[in-house]
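Notes for the structure review
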Amino acid sequence: MKINEAKDELILGIETSCDETAVAIIKNGKEIVANIVSSQIESHQRFGGVVPEIASRHHVEQMTVVLEEALEQGGVTMADIDAIAVTEGPGLVGALLIGVNAAKALAFAHQKPLVGVHHIAGHIYANQLVADLDFPLLALVVSGGHTELVYMKEHGSFEVIGETRDDAVGEAYDKVARTLQLPYPGGPHIDRMAAEGTPSIKLPRAWLEEDSYDFSFSGLKSAVINTLHNAKQKGEEIVPEDLAASFQESVIEVLVGKTIRAMKEYGVNQVLLAGGVAANRGLRAALQEAVDREGKNLVIPPLSLCTDNAAMIATVGSVMYQLGKRSGMDLNANPGLDIEKPFN
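These numbers were taken from a predicted model, which means no experiment stands behind them. (Residues numbered from 1 in each chain as written. Predicted model: local features only at pLDDT ≥ 70, side-chain atom pairs only at ≥ 80, totals over all residues. Heavy atoms only, no water.)

Most of strand β1 (residues 10-15) is tucked away, with six of its six residues classed as buried. Note that β1 and strand β2 (residues 20-27) share six bridges and pair antiparallel. Among the inter-strand pairings, E15 is bridged to a residue of β2, identified as A22. Turn length for the β1-β2 hairpin, with the two strands adjacent in sequence and antiparallel, is four residues. Judged from the four bridges that link them, β1 and strand β4 (residues 83-89) form a sheet pairing that is parallel. Across the sheet, G13 pairs through a bridge with A85, a residue of β4. (Buried < 20%, exposed > 50% of the residue type's maximum accessible area, 1.4 Å probe, protein only. Helix = DSSP H or I, 4+ residues; strand = E, 2+ residues; numbered from the N terminus. Pairing = 2+ DSSP bridges.)

Below is the structure:
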């Protein structure tokens, strides 16, 4: 699908799929005019994870504030906006509903086109804010709820060639962090500890079937927990930094190994890293080194665009808007939205 050159097009994006209330404005699909994110991490930390009801209530409280701040930061009014993009799914249904209903209200009140967006497509397209997408390409999506390899022939074409069969990478990091008595979210803490440790503890690599691009991290998570418990029963001491480094090495080896194999098999021009776990320093460095070795181009978003934000949603919204895709006022939250059909 070809996209027409936009002339000073402004898309307002809304993201409320989990525990960030975010509103952004993107110009011509590539330039951030405003990007406001209100995080709820402190509210959920004491529970060790996101509590859906609390997340939804925070979205209700923050939505108007974040919207007004984005418009002020961008120096625009709703009259300047060409279309409104909003995360339709996947995500927590109650949280999604807040964003969807806010977007519908704005679209109705200001007579603006409405575009429902797939959350993971947003993570992939966050890379368009860094560099032009060069098709065909391969995206490694790694987040709290998703681990996927997505092949794209063109704009709007998503083919999932590999996905997690159990725990996503982010879930595995959080569970291992809890075992090490680290606060939520666990990923950044494990990443920091891994940089200080030595990967000296033998842990499994789940390669699955020889030709599979799927992932499985449940066994690795269990192996880490069992290693700690067995050491405790024997009165042995395990250096937490070494365990974190060994866990992270196992995760990265599988992620990078499967990505490089898929990159070669599908003959892509470009590799994208996307999702919250894309902020992991160990993964970023290892994937960069592996892709460079193969003479290919790797694009990684800055840390601010790895975690959930509305700039990525507005960017997908711009692509869909240019392709003539619109949502009706019957748009609803869809926690099971299929990434292979978001542009239909």
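On we go from here.
On to the packing of aromatic side chains, then. The relation between two aromatic rings is expressed through the spacing of the ring centres and the mutual angle of the planes. One pass over the full model with this rule turns up five aromatic pairs. On the numbers, 4.9 Å between centres and 75 degrees between planes, the contact of Y173 with F247 is edge-to-face. Linking Y173 in helix α5 (residues 169-179) with F247 in helix α8 (residues 240-266), this pair joins segments that are 74 residues apart in sequence. Among the residues examined, Y173 registers a relative accessible area of 3% and is labelled buried. Its relative accessible area of 0% is what places F247 among the buried residues. The side chain of K258 reaches across the aromatic face of F215, ending 6.0 Å from its centre. (Phe/Tyr/Trp six-rings, centres within 6.5 Å; stacked < 30°, edge-to-face > 60°. Lys NZ or Arg CZ within 6 Å of the ring centre and 35° of its normal.)

Below, the discussion takes up the pattern of salt bridges. This structure, assessed with the given rule, holds twelve salt bridges. Its salt-bridge partner being R57, residue E53 comes within 2.9 Å of it at the nearest N-O pair. Of the two residues, E53 and R57 are both situated in helix α2 (residues 52-74); the distance of four residues between them amounts to about one turn of the helix. Here E53 falls in the partly exposed class, since its relative accessible area comes to 46%. Using a relative accessible area of 53% as the deciding quantity, one classes R57 as exposed. Measuring nitrogen to oxygen at the nearest pair gives 3.2 Å for the salt bridge that ties D167 to K221. Of the two residues, D167 is situated in the loop between β8 (159-163) and α5 and K221 in helix α7 (residues 218-234); the sequence distance between them amounts to 54 residues. This pair shows no difference in class: D167 is buried, exactly as K221 is. (Salt bridge = Lys/Arg side-chain N within 4 Å of Asp/Glu carboxyl O.)

Strand order in the open sheet formed by five strands is β3-β2-β1-β4-β5, and the pairing between neighbours is mixed. The open sheet terminates on both sides in strands that have one partner only, identified here as β3 (31-39) and β5 (114-118). Pairs of neighbouring strands in the sheet enclose a mean axial angle of 20 degrees, with direction left out of account. Of the strands in this sheet, β1, β2, β3, β4 and β5 touch helix α10 (residues 311-322), which is tilted by about 130 degrees from β1. (Axes fitted to C-alpha atoms, helices over the stretch in contact; angles between N-to-C directions. Contact = heavy atoms within 4.5 Å.)

Another aspect to go through is helix α9 (residues 281-293). End to end, α9 covers 18 Å across 13 residues, agreeing with the expected 18 Å (1.5 Å per residue, within 8%). Every buried residue belonging to α9 is among L283, R284, L287, A290 and V291, and all of these are buried. Across the axial projection of α9, the buried residues extend over an arc of 140 degrees, all falling on one side. Of the exposed residues in α9, the ones pointing more than 90 degrees away from its buried face are E289 and R293. Next to the buried residues of α9 lie β6 (137-142), α8, β9 (270-274) and β10 (297-299). Capping the start of α9, N280 holds a side-chain oxygen 3.0 Å from the backbone nitrogen of G282, two or three residues further along. G295 sits one or two positions beyond α9 and adopts a positive phi of about 75 degrees. (Expected span 1.5 Å × (residues − 1). Arc of directions from axis to C-beta. Polar contact = N/O pair within 3.5 Å; in protein donor to acceptor, adjacent residues only side chain to side chain.)

Here we take up the nonpolar core. Ranked by size, the top nonpolar core spans 51 residues in total, and within it I190, F247 and L255 carry the most contacts. Elements with a minimum of two residues in this core: β6, β7 (147-152), α5, α6 (186-196), α7, α8, β9 and α9. In terms of residue count, the dominant contributor to this core is α8 (twelve residues). With near-sequence residues (within four places) excluded, F247 lies in contact with A172, Y173, V176, I190, L203, L220 and V224. V117, I120, M312 and I339 belong to the second-largest nonpolar core, a separate cluster that totals 38 residues. (Core = buried A, V, L, I, M, F, W, Y, C linked by side-chain atoms within 4.5 Å.)

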